[in-house]
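Residue-level listing of the chains:
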Amino acid sequence: MALDVDDAALKALQADNFDNLNEMVADSPFDRHVRFFNFGYRPLGDDQPVGPALGAGFPNKDSAQLLFQVIGDTDLAAKRVAEVGCGRGGNLWLVRRSFGPASVTGVDIAYRSIAYCRSSMPEPDAQFVVADAERVPLGTGSADIVLSVETSCTYPRIESFFREVARILTVGGHFLYTDLMQVGLIEPFIATLTALGMELEHRRDITPNVSASRDARAARQKLAYGTRPDDDSAAVLEYVGESGSHLYELLTNDEYQYTILRFRKVADIEPPAGDLLSAEAQAAVRDLAELAVELLTVPSLPPTSD
């Protein structure tokens, strides 16, 4: 059922949900160890892990492997890396640890996520800001790399996000992007980013790998949320993507695809005044953002937005 709220109110509800997620983790003994919320990537068959080797005790290697798969062979050394929708900063923490960037900047709508990032990465080369992904408070051409991992499905107007990516990214820079997407929206997303000066360099469907990660890890990840009231169980299932959740169902049907897209910005282009995405595509994007709010609302932690 559609939510009768405007975009600003929808985003406020999303911020509440992710602030509440942080509160659930803070109530568990795992708070200081939980940096990642993504669904992760698990190699299958002859597929081998990529990226830097991780120690035997590294927590949740599947989430780290998802980041490494998105980065691929992109050179991050001495680059200015910005992540939109950074959550608790796991990706940027691992980028700093493994790839030697010049700086990292995280943007997220949830205040408690940004507070965690600031406390866990207080170094001067790491900056974090509370902000809307559709209005990113970073300068034009200020990033060599823009990273977006499993967050854009919550944006009610994704074209605004794509325009912001194109604005803040320098020519020659890279947009490293992955999420669960409606199959029918992938080509329109690529066309929109191409019209904004991007060139697609890599596309890969990793749905089976993400589903395998959920099969292997979801039940264990629920431990990070501590003991919850029974009414919260459905929302917790969605946060971890366990079998039986709606998000797991989307991962295992033909209408959605967990996709990696890597782009290089090849030109500065004056964005057109009119919309690039069709009205039908925009409506589908908005519907998914509303669904995310409904699925991820925790009953025992009601929203605080007006």
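For the structure itself, consult the block above.
Residues numbered from 1 in each chain as written. Predicted model: local features only at pLDDT ≥ 70, side-chain atom pairs only at ≥ 80, totals over all residues. Heavy atoms only, no water.

Caption draft 1: Highlighting the overall build of the protein chain. Per the secondary structure count, the protein chain includes 10 helices and seven strands. Computed over its C-alpha atoms, the radius of gyration of the protein chain comes to 18 Å, within 12% of the 19 Å expected for a compact globule of 306 residues. In terms of its C-alpha atoms, the protein chain occupies a principal-axis envelope of roughly 50 × 45 × 40 Å. Sorting the 306 residues of the protein chain into buried and exposed places 53% on the buried side. Here the protein chain displays about 13,100 Å² of accessible surface, and carbon together with sulfur accounts for 52% of that area. Separation between the mean location of the 27 positive side-chain charges and that of the 45 negative ones in the protein chain comes to 8 Å. (Helix = DSSP H or I, 4+ residues; strand = E, 2+ residues; numbered from the N terminus. Rg over C-alpha atoms; globule rule 2.2 N^0.38 Å. Buried < 20%, exposed > 50% of the residue type's maximum accessible area, 1.4 Å probe, protein only. Areas by Shrake-Rupley, 256 points an atom, 1.4 Å probe, with all protein chains shown as cover. Lys, Arg positive; Asp, Glu negative; His and termini not counted. Charge placed at Lys NZ, Arg CZ, Asp CG, Glu CD.)

Caption draft 2: Broad picture of the sheet that holds strand 6 (residues 198-205). Strand order in the open sheet formed by seven strands is 3-2-1-4-5-7-6, with mixed pairing between adjacent strands. Each edge of the open sheet is held by one strand with a lone partner, namely strand 3 (126-130) and strand 6. In this sheet, neighbouring strand axes are inclined to one another by 15° on average, regardless of whether the strands run parallel or antiparallel. With three bridges connecting them, strand 1 (residues 80-84) and strand 4 (residues 143-149) associate as parallel partners. Following the sheet pairing, V81 is matched in strand 4 by I145. Lying on the sheet, helix 4 (residues 111-120) is in contact with strand 2 (103-108) and strand 3; it crosses strand 3 at an angle near 165°. (Pairing = 2+ DSSP bridges. Axes fitted to C-alpha atoms, helices over the stretch in contact; angles between N-to-C directions. Contact = heavy atoms within 4.5 Å.)

Caption draft 3: Inspection of unusual backbone geometry at higher detail. Backbone geometry places A78, a non-glycine residue, at a positive phi of 60°. Positive phi outside glycine occurs at E150, with the angle close to 55°. Structurally, E150 is set in the loop between strand 4 and helix 5 (158-168). Exposure remark for E150: the relative accessible area of 18% places this residue in the buried category.

Caption draft 4: Examining the nonpolar core more closely. Counting residues in each nonpolar core, the largest one holds 54 residues, and the members touching the most others are M24, L76, L94, V95, F128 and Y225. The biggest single contributor to this core is helix 2 (residues 61-71), with six residues. Contacts of L94, omitting those with residues within four sequence positions, involve F36, L54, F58, A64, L67, F68 and F99. Of all hydrophobic cores here, the second largest spans 33 residues; its members include A143, A166, M181 and L277. (Core = buried A, V, L, I, M, F, W, Y, C linked by side-chain atoms within 4.5 Å.)

Caption draft 5: Here's a closer look at the pairing of strand 4. Summarising burial for strand 4: seven of the seven residues are buried, a large majority. The pairing of strand 4 with strand 5 (residues 169-182) spans six bridges and is parallel. The residue of strand 5 that forms the bridge with L147 is L176. Regarding topology, helix 5 serves as the crossover connection from strand 4 to the parallel strand 5, and that connection is right-handed. (Right-handed = clockwise from strand over helix to strand, strands pointing away.)

Caption draft 6: Up close: the environment of Q282. Along the chain, the position of Q282 falls in helix 10 (residues 279-296). Taking C-alpha positions, Q282 is 9.4 Å from L185, a pair spaced 97 residues apart along the chain. Leave out the neighbours within four places in its chain, and Q282 touches R157, D275 and L277.

Caption draft 7: Structural view of the pattern of salt bridges. Summed over all chains, the structure comprises 20 salt bridges. The partner of D144 in a salt bridge is R80, with the nearest N and O atoms 3.0 Å apart. Placement of the pair is D144 in strand 4 and R80 in strand 1, with a sequence separation of 64 residues. On the accessibility criterion, D144 (16% relative accessible area) is buried. (Salt bridge = Lys/Arg side-chain N within 4 Å of Asp/Glu carboxyl O.)

Caption draft 8: Looking closely at empty space enclosed by the protein. Within the structure shown, the criterion is met by two cavities of 30 Å³ or more. Space inside the largest cavity adds up to approximately 740 Å³. Of all the elements in the fold, those that place two or more residues in the lining of the largest cavity are helix 1 (7-26), helix 3 (90-99), strand 2, strand 5, helix 8 (233-240), helix 9 (246-251), strand 7 (256-265) and helix 10. Split into classes, the residues belonging to the lining of the largest cavity amount to 26 nonpolar, nine polar and 10 charged. Considered as a void within the structure, the second largest cavity measures approximately 90 Å³ in volume. What lines the second largest cavity is a set of 13 residues, and nearest its centre among them are S152, C153, I158, F189 and L288. For the lining of the second largest cavity, the secondary structure elements donating two or more residues are strand 5, helix 6 (183-195) and helix 10. Residue composition of the lining of the second largest cavity, by class: 10 nonpolar, two polar and one charged. (1 Å grid on protein atoms, 1.4 Å probe; cavity = no way out; pocket = protein on both sides within 12 Å on 5 of 7 lines; lining within 4 Å. Points joined across faces, edges and corners; volume = space filled by probe spheres on them. Nonpolar A, V, L, I, M, F, W, Y, C, P; charged D, E, K, R; others polar.)

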